[in-house]
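A closer look at the structure
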Amino acid sequence: MVSADIKEGRRDEIAELARRRGFLWLAFEIYGGAAGFYDYAPLGALLKRRVETAWRAFYTREGFYEIETTSVAPRDVFEASGHLESFTDRTVVCKHCKTFFRVDEGIDINKSCPECGGALEAAGEFNLMFQTTIGVPKGERGGKVLDKSEGYLRPETAQGTFLNFPRLLRFNRDKLPFGVIQIGKAYRNEISPRQSLIRLREFTIAEAEVFVYPEEKNKHPRFEEVKERKLRLVPGEGAQAQEEMEKTVEEAVRSGTIANEYLGYHMAKVGEFLEGIGIPRDKLRFRQHEPEEMAHYARDCWDAEFFSDRYAWMELVGVADRGDYDLSSHASYSNTDMGVYPQPQSQVQAEGEAEKAKAKAKIIPHVIEPSYGIDRIIYALLESSFYEEQVGKEKRKVLRFKKEMAPIRAAVFPLLNRDELKHKAKEVFQDLRNEAIFVEYDDSGSIGRRYRRQDEIGTPYCITIDYDTLEDDTVTIRERDTMEQIRVPVAEVKEVLLKGSYGTGKQL
RNA sequence: GCGUCGAUGGUCUAGAGGUAUGACUUGGGCCUUCCAAGCCCACUGCCCGGGUUCAAAUCCCGGUCGACGCACCA
């Protein structure tokens, strides 16, 4: 299934472009770099900001509030969440063929190598979380090691949300369902990070935690809005992957392919978001985790995957049903009440002891969680937007970002490098910047060169000031994908840039 | 982590025991009335550390980073 038609050259071209034009730089480069760490360069930071802004807007429309919790947490948190145990791999290595194995039910030190039959030896423990020390370790004050405050960098933002659940519930006036989002850095000390943005040690994750009554998982209030949406699905339940299928969300939920409406609703939303920012629909699918692939906290999980020309199918978003795993764990470890009444107590009109008791018995909500890997989405945008085409004698490289996602909205040029044109062009440029539109000014080289420069970084519009501009205050606006131009009054430029179309029928 | 291969201006590359080739890009100038035109000038480089040698970018060792395979990716 994952026999990708790899286009080596093309990927390298994207990496090269990203480096050269200022999207992505290896971190700590002057000290030789470090695997798994990338810095976002100016255009990359802009692109990332556009994606994050779109994401916030998208979930704000769902009625979710954003919170921001810490990225360092004490040991207790991850003891309770299960990350300390589940993130730790004990490994063994074969003395003969040097193959490494993770210790699990099938493999331990007393067995022989499944590959070659050689003897195994312990190869150490490895925890995927970065450990740190919080405050001054007590032992160091007195010169003796007595104690230290053990902390970890978070491997996901979700735990911060769960820890605040009792207060969030109160904030939402004791009513379910509600959703909470977070965007932030997360850290995983991968054994061997590779493939640029695909596997990083420090990355940006955007997560929504949706808290719902367990018995209402099949009653999503807005399911109607998404039920017609078609999803490309690869179910994996029952240990073996099944055929890929296309179903509407409604069909998938009714037939049991997707376990419940909440999961289906949020999968549909994930698809809507990814397509909305410009990831082609035909490069997206949802693949269900197989049981042994599932995270320790998940009872069901679907990955939204992107088909990369370079890396084949890769996960962009995970949509997990975490059940009551996290809230229950934290409730018992911290001895905190994480329960919710089945309905507001003021509305209880129970008659008889049994019904009253039922109305008073708290239940632990379930959590549906879409979890987006922002960096991978950035990669997917770069790769799927990149085109190389022949224009005359030259090759044109162009990033066809959706105009809302493009780092730079428009560039302003004087047609010729002459003072009177430059003066006017700078004026137009500054006016647009004052309107909070991200524009760039360029007067170097020929006009054609400047167009190509902007194509390569995905700028959708180029505005050119010529001698007619000085006469009648009109400019040409050239569109990136068609390379066609229209002439518009300066006063209407802003409108064209923001709306994207002008009354000519041409799609700008 | 293991294995194989690699690392030369901003990018891509030639070369090779005597401080380096070319192209593109970039900056400045001339020219230019719409898609990388032309001419002139200029900047910038042998991944890091150690060793061998009169001399190391070149050979050797170690490291770092990258690509690929194995493993890992909760």
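If you're wondering where the values come from, they're calculated on a predicted model, not measured in any experiment.

**Observations concerning the overall build of chain A**
- Regarding its fold elements, chain A presents 17 helices and 24 strands.
- Considering only contacts in chain A between residues 6 or more positions apart, those separated by 24 or more positions represent 64%.
- With an accessible surface of roughly 25,200 Å², chain A has 48% of that area assigned to carbon and sulfur atoms.

**Focus on helix α11 (residues 325-334)**
- Among all positions in α11, only D326, L327, S329, H330 and A331 are buried.
- Close packing links the buried residues of α11 with α3 (75-81), α6 (158-163), α7 (165-171), β11 (202-212) and β16 (312-323).
- Directly beyond the C-terminal end of α11, a positive phi value near 55° is found at N335.

**A look at the pairing of strand β15 (residues 300-308)**
- Where burial is concerned, most of β15 is hidden: 8 out of the 9 residues are buried.
- Sheet topology places β15 next to β16; 9 bridges connect them, and they run antiparallel. Counterpart to D303 in the pairing with β16 is G318.
- If you look at the hairpin formed by β15 and β16, you'll find 3 residues sitting between the two strands.

**Quick word on the sheet that holds strand β22 (residues 461-465)**
- Spatially, the 5 strands line up as an open sheet ordered β21-β20-β22-β23-β24, and their pairing is mixed. Two strands close off the open sheet at either side, each with one partner strand: β21 (439-441) and β24 (485-489). Across the sheet, the axes of successive neighbouring strands diverge by a mean angle of 25°, strand direction being ignored.
- The pairing of strand β23 (residues 474-479) with β24 spans 5 bridges and is classified as antiparallel. The residue of β24 that forms the bridge with I477 is I486.
- Sheet strands in contact with helix α15 (residues 447-456) are β20 (410-414), β21, β22, β23 and β24, and its direction is about 170° off that of β20.

**Here we look at the nonpolar core**
- Of all hydrophobic cores here, the largest spans 70 residues; its most connected members are F23, L274, L316 and Y372.
- Apart from residues lying up to four places away in sequence, L274 is in contact with I279, L284, A304, L316, V317 and I377.
- Ranked by size, the runner-up nonpolar core spans 21 residues in total, among them V428, V475, V488 and L497.

**Let's talk about the protein's contact with RNA strand B**
- Around RNA strand B sit 50 residues, and of these R188, R310, S446, Y451 and M483 come closest.
- Backbone atoms, meaning sugar and phosphate, form 52% of the atoms of RNA strand B found within 4 Å of the protein.
- One nitrogen or oxygen atom from the main chain of A35 is found 3.3 Å from a phosphate oxygen belonging to RNA strand B.
- In the environment of RNA strand B, a base nitrogen lies 3.1 Å from a nitrogen or oxygen atom belonging to the side chain of D466.
- Counting only elements with at least two residues in the surface near RNA strand B, the list comes to α1 (8-20), β6 (100-102), β19 (394-399), α15 and β23.
- In terms of residue count, α15 provides more of the surface near RNA strand B than any other element does, 7 residues in total.
- Class assignment for the residues of the surface near RNA strand B results in 16 nonpolar, 14 polar and 20 charged.

**A look at unusual backbone geometry**
- Geometrically, the link from L176 to P177 is a cis peptide bond, its omega value of -5° lying close to zero.
- One non-glycine residue, Q195, adopts positive backbone phi at about 60°.
- Classification of Q195 as partly exposed rests on a relative accessible area of 35%.
- Phi at A312 is positive, roughly 60°, even though this residue is not glycine.

**A closer look at the environment of E207**
- Counting through the fold element by element, E207 comes out in strand β11.
- Under the relative-accessibility criterion, E207 is labelled buried at 2%.
- Through-space distance from the C-alpha of E207 to that of A158 is 6.9 Å; in sequence the pair is 49 residues apart.
- Once you skip the residues sitting within four places of it in the chain, E207 turns out to touch W55, E156, T157, A158, V180, I181, Q182, E369, P370 and S371.
- Only 2.4 Å separates the side chain of E207 from the side chain of T157, close enough to count as a polar contact.

**Some details on the packing of aromatic side chains**
- Scanning all chains against the criterion turns up 20 aromatic pairs.
- Ring centres 5.4 Å apart and planes at 65° place the aromatic pair F58 and F273 in the edge-to-face group. Remark: F273 occurs in helix α10 (residues 261-276) and F58 occurs in helix α2 (residues 42-61); sequence separation between them is 215 residues.
- Seen in terms of ring centroids, F162 and F211 are 6.3 Å apart; in terms of plane orientation they differ by 80°. Their pairing is edge-to-face. Separated by 49 residues along the polypeptide, F162 in helix α6 and F211 in strand β11 bring together distant segments of the chain. F211 shares its class with F162; the two are buried.

**Overview of the side chain of D455**
- Tracing the chain through its elements places D455 in helix α15.
- A polar contact of 2.9 Å, which involves the side chain of D455, links it to the side chain of R396.
- At a separation of 2.8 Å, a polar atom in the side chain of D455 contacts the side chain of R478.
- If we ignore the near neighbours within four places in the chain, the residues touching D455 are R396, K397, V398, L399, R478 and R480.

**Comments concerning the sheet that holds strand β8 (residues 131-133)**
- Sheet architecture is open: 3 strands sit in the order β4-β9-β8, paired in antiparallel fashion. Edge positions in the sheet fall to β4 (72-74) and β8, since each has one partner strand and no second. The average undirected angle you get between the axes of adjacent strands in this sheet is 40°.
- Relative to strand β9 (residues 150-153), β4 runs antiparallel, the two sharing 3 bridges. The partner of A73 across the bridge, within β9, is Y152.

Thresholds applied
- Residues numbered from 1 in each chain as written.
- Chains lettered and ligands numbered in written order.
- Predicted model: local features only at pLDDT ≥ 70, side-chain atom pairs only at ≥ 80, totals over all residues.
- Heavy atoms only, no water.
- Helix = DSSP H or I, 4+ residues; strand = E, 2+ residues; numbered from the N terminus.
- Contact = heavy atoms within 4.5 Å.
- Areas by Shrake-Rupley, 256 points an atom, 1.4 Å probe, with all protein chains shown as cover.
- Buried < 20%, exposed > 50% of the residue type's maximum accessible area, 1.4 Å probe, protein only.
- Pairing = 2+ DSSP bridges.
- Axes fitted to C-alpha atoms, helices over the stretch in contact; angles between N-to-C directions.
- Core = buried A, V, L, I, M, F, W, Y, C linked by side-chain atoms within 4.5 Å.
- Near = heavy atom within 4 Å.
- Polar contact = N/O pair within 3.5 Å; in protein donor to acceptor, adjacent residues only side chain to side chain.
- Nonpolar A, V, L, I, M, F, W, Y, C, P; charged D, E, K, R; others polar.
- Phe/Tyr/Trp six-rings, centres within 6.5 Å; stacked < 30°, edge-to-face > 60°.

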